[in-house]
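A structural walkthrough
What follows is the residue order along each chain.
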Amino acid sequence: MRVLVVGSGGREHALAWACARHESRPEIICAPGNGGTAQLGTNVTISSTDAPAVARLAREREVDLVIIGPDAALAAGVSDTCREAGLTVFGPSSAAAKIEWSKTHAKQVMDRAGVPTARWRSGNGESRSDLFDFVLELDGHCVVKADGLAAGKGVAVCDTREEAFAALAGCLHERRFGDAGSVAVVEERLHGTEVSVFAVCDGRRYQLLWPARDYKRAHDSDHGPNTGGMGAYAPATDGCPPLGEVAKRVIEPTLAALAEAGTPFVGCLYVGLMVSRDGFRVLEFNARFGDPETQVVVPLAGAGFLDLLLAAARGELAGTAPAPVVAGAAVVVVAAALGYPGAPRTDDPITGLDDLDDDVLCFHAGTARDGRGRLVTAGGRVLGIVGRGADVATARRRAYENLERVHFAGMWSRSDIATHPAGAWR
Ligand code: AMP
Ligand code: GLY
């Protein structure tokens, strides 16, 4: 068996690792991969959004399964091109992935499917007065979002009218997010704790993985700018609604609505929830595995994970029973480079990885080999150190103990991952 993983982050390293431990010992190819995936198989230097090149590589290497990691690759239609080339693909078509790459579309699907979500309005520069009226109606207590993909930076959580107006102007007039912000969504601001639920879907059926919680703010106690995620833990069953309820009220109606629209969803449906005393509502859908959430979800998914993805890609998921999971918990702490989430410092040698305990995982996100063969930093989120244990507290301790053995110039991390639910500090 041969598997091609598309992408180059910690998520892709974790997916490649999970596939590699399958009993059939598959050959792993990553495009373009990173310093970590190079240790599991072969990296091929092509862009993850270059659909024809990805399909060509998969055909030439007679790959049995293509797994597509990044949102941008899905939006660019890499799945579509690979399917047209007769390949078996885990990852939705660009049309199905629109629930991630257009927040307006996601809201329309949710309304059509009766999925609980915050009240919203969407508009462009011309219909902005509608959006301004809605800000006034909510008295500034709202969230302003760029409609398109903005690398997790297109969301402004506002307390006042002035903040919301400024966010709208930044999006629609200053074009702070480029074309991704030519349309903006204003929605009611929700309160509570956040949790993410993952469903592996085959177009009609699904299997749930453990819920996870990630930490998007850069600094402790949820301070600082938003990042792609500075850490995560699973299972995040504390404060998570019963999974059966999330399945019935969110996943099943969404899959049915997408199938009915002629855009069946094959891939990982990532449901971001805000949970309060009154119940839960959907904050967002992603059309892919989360990063860094995958780094804690996949180690708990068992050695049959590749079978699950293959069955989903073939449209052959057996039912809607929970996926096989292993006992225990996992915590990932991200080691970031100086400058992240802005322009990160790169090319610093990384040391200490040989000193990690055997049961601790280290997923690479932004690493590369330099001309002398040394492992060096090559991105903002450099590594994810994953501790495992019988419970979250043990897993956290193991992650932090091992993180202390790792070093590169300018390395920093959050010290409070998995101590409180994200949002608990607000
Ligand atoms: P999104 O990319 O839509 O998930 O938004 C990014 C982050 O913004 C979420 O993880 C939440 O922390 C916050 N957020 C998004 N929508 C809302 C909302 N309606 N109310 C409160 N916070 C929100
Ligand atoms: N960690 C958030 C995401 O993958 O979207």
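On a predicted model such as this, the values are computed, not experimentally measured, just so you know. (Residues numbered from 1 in each chain as written. Chains lettered and ligands numbered in written order. Predicted model: local features only at pLDDT ≥ 70, side-chain atom pairs only at ≥ 80, totals over all residues. Heavy atoms only, no water.)

**Some words on the packing of aromatic side chains**
To keep it simple, the criterion reads: Two aromatic rings from Phe, Tyr or Trp, using only the six-membered ring of Trp, form a pair when their centres are within 6.5 Å; if the ring planes differ by under 30 degrees the pair is stacked, by over 60 it is edge-to-face, and anything between is tilted. Runs of H or I in DSSP of at least four residues are treated as helices and runs of E of at least two as strands, each being numbered from the N terminus. Accessible area is worked out with a 1.4 Å probe on protein chains only. A residue is then buried under 20% of its type maximum, exposed over 50%, and partly exposed in between. Throughout this description, the term charge over a ring refers to an Arg CZ or Lys NZ atom that lies within 6 Å of the ring centre and within 35 degrees of the ring normal.
Counting across every chain of the model gives 6 aromatic pairs. Ring centres of Phe 132 and Phe 165 lie 4.8 Å apart, and the angle between their planes is 10°; on these two criteria the pair is classed as stacked. Linking Phe 132 in helix H7 (residues 128-137) with Phe 165 in helix H8 (residues 161-172), this pair joins segments that are 33 residues apart in sequence. When its relative accessible area of 25% is taken as the criterion, Phe 165 is described as partly exposed. Here a set of aromatic residues connected by ring pairs shows up, and it is made of Phe 90, Phe 289 and Phe 305. A cation sits over an aromatic face here: Arg 249 above Phe 280, 5.0 Å from the ring centre.

**Structural notes on the packing of H7 against H8**
We count it as follows: Angles shown run from 0 to 180 degrees and are taken between the N-to-C directions of axes, each axis being a line fitted to C-alpha atoms and, for helices, limited to the stretch in contact. Each angle receives one of four descriptions, namely roughly parallel if under 35 degrees, roughly antiparallel if over 145, roughly perpendicular if within 65 to 115, and oblique otherwise. The crossing is said to be left-handed when, going from far helix to near helix, the turn is anticlockwise and less than a right angle, and right-handed when the turn is clockwise. Residues count as neighbours in contact if any of their non-hydrogen atoms are within 4.5 Å of one another. By the convention adopted, Pro, Cys, Tyr, Trp, Phe, Met, Ile, Leu, Val and Ala count as nonpolar, Lys, Arg, Asp and Glu as charged, and the other residues, Gly among them, as polar.
In the contact formed by H7 and H8, the axes pass within 10 Å of each other and the chain directions differ by 160°. It follows that H7 is roughly antiparallel to H8 by the angle criterion. Handedness of the H7/H8 crossing: right-handed. Facing Arg 128, Leu 131, Phe 132, Val 135 and Leu 136 of H7, the residues of H8 in contact are Arg 161, Ala 164, Phe 165, Leu 168 and Leu 172. Partitioning the contact of H7 with H8 into residue classes produces 8 nonpolar, no polar and 2 charged.

**Focus on the site of ligand 1**
So the rule is basically this: Being near a molecule or strand, for a residue, comes down to having at least one heavy atom within 4 Å of it. Any pair of nitrogen or oxygen atoms within 3.5 Å is treated as a polar contact; in protein, a donor-acceptor pairing is required on top of that, and neighbouring residues in sequence qualify only through side-chain atoms on both sides. Note on areas: these come from Shrake-Rupley sampling with a 1.4 Å probe, and a residue is covered only by the protein chains present in the view.
Around ligand 1 there are 14 residues in total, and Lys 145, Glu 187, Leu 190, Glu 194 and Glu 284 lie nearest to it. Lys 145 is positioned such that a nitrogen or oxygen atom in its side chain is 2.8 Å from an oxygen atom of ligand 1. Notes on ligand 1: free accessible area 470 Å², of which the protein chains cover 93%. At the level of elements, strand E7 (142-146), strand E8 (155-158), strand E9 (183-188) and strand E17 (279-286) are the ones that each hand at least two residues to the shell around ligand 1.

**A word on the pairing of E7**
Our working definition: Being paired, for any two strands, means DSSP has found at least two bridges between them.
In terms of burial, E7 is largely enclosed, as 5 of its 5 residues are buried. The alternating pattern of E7 places Cys 142, Val 144 and Ala 146 and Val 143 and Lys 145 on opposite faces, both of which are buried. Two strands pair when backbone bridges link them, and E7 and E8 are joined in this way by 4 bridges, in the antiparallel orientation. Bridge pairing in E8 places Cys 142 opposite Cys 158. Of the strand pairs in this sheet, E7 and E9 are connected by 5 bridges, and their pairing is antiparallel. Of the residues in E9, the one forming a bridge with Cys 142 is Glu 188.

**Some thoughts on unusual backbone geometry**
In this chain, Ala 234 is followed by Pro 235 through a cis amide linkage whose omega measures -5°. In this fold, Pro 235 is placed in the loop between strand E15 (231-234) and helix H9 (243-260). Look at the link from Asp 291 to Pro 292: it is a cis peptide, with omega at 20°. Inspection of the secondary structure puts Pro 292 in the loop between E17 and helix H10 (293-297). Phi at Glu 62 takes a positive value of approximately 50°, unusual for a residue other than glycine. Here Glu 62 shows up in the loop between helix H2 (51-60) and strand E4 (65-68). The phi dihedral of Asp 222 is positive, around 60°, even though this residue is not glycine. By the element assignment, Asp 222 lies in the loop between strand E13 (217-219) and strand E14 (223-226).

**Comments concerning the side chain of Asp 202**
The residue Asp 202 is located in strand E10 (residues 193-203) in this model. Within the local environment of Asp 202, its side chain forms a polar contact with the backbone nitrogen of Arg 205, the two atoms lying 2.7 Å apart. There is a polar contact of 3.0 Å between the side chain of Asp 202 and the backbone nitrogen of Leu 317. Among all residues touching Asp 202, those that are not within four sequence positions of it are Phe 265, Val 266, Ala 311, Ala 312, Gly 315, Glu 316 and Leu 317.

**Description of the environment of Ile 29**
Its place among the elements puts Ile 29 in strand E2 (residues 27-32). Among all residues touching Ile 29, those that are not within four sequence positions of it are Arg 2, Val 3, Leu 4, Val 5, Thr 42, Val 44, Leu 57, Arg 61 and Val 63.

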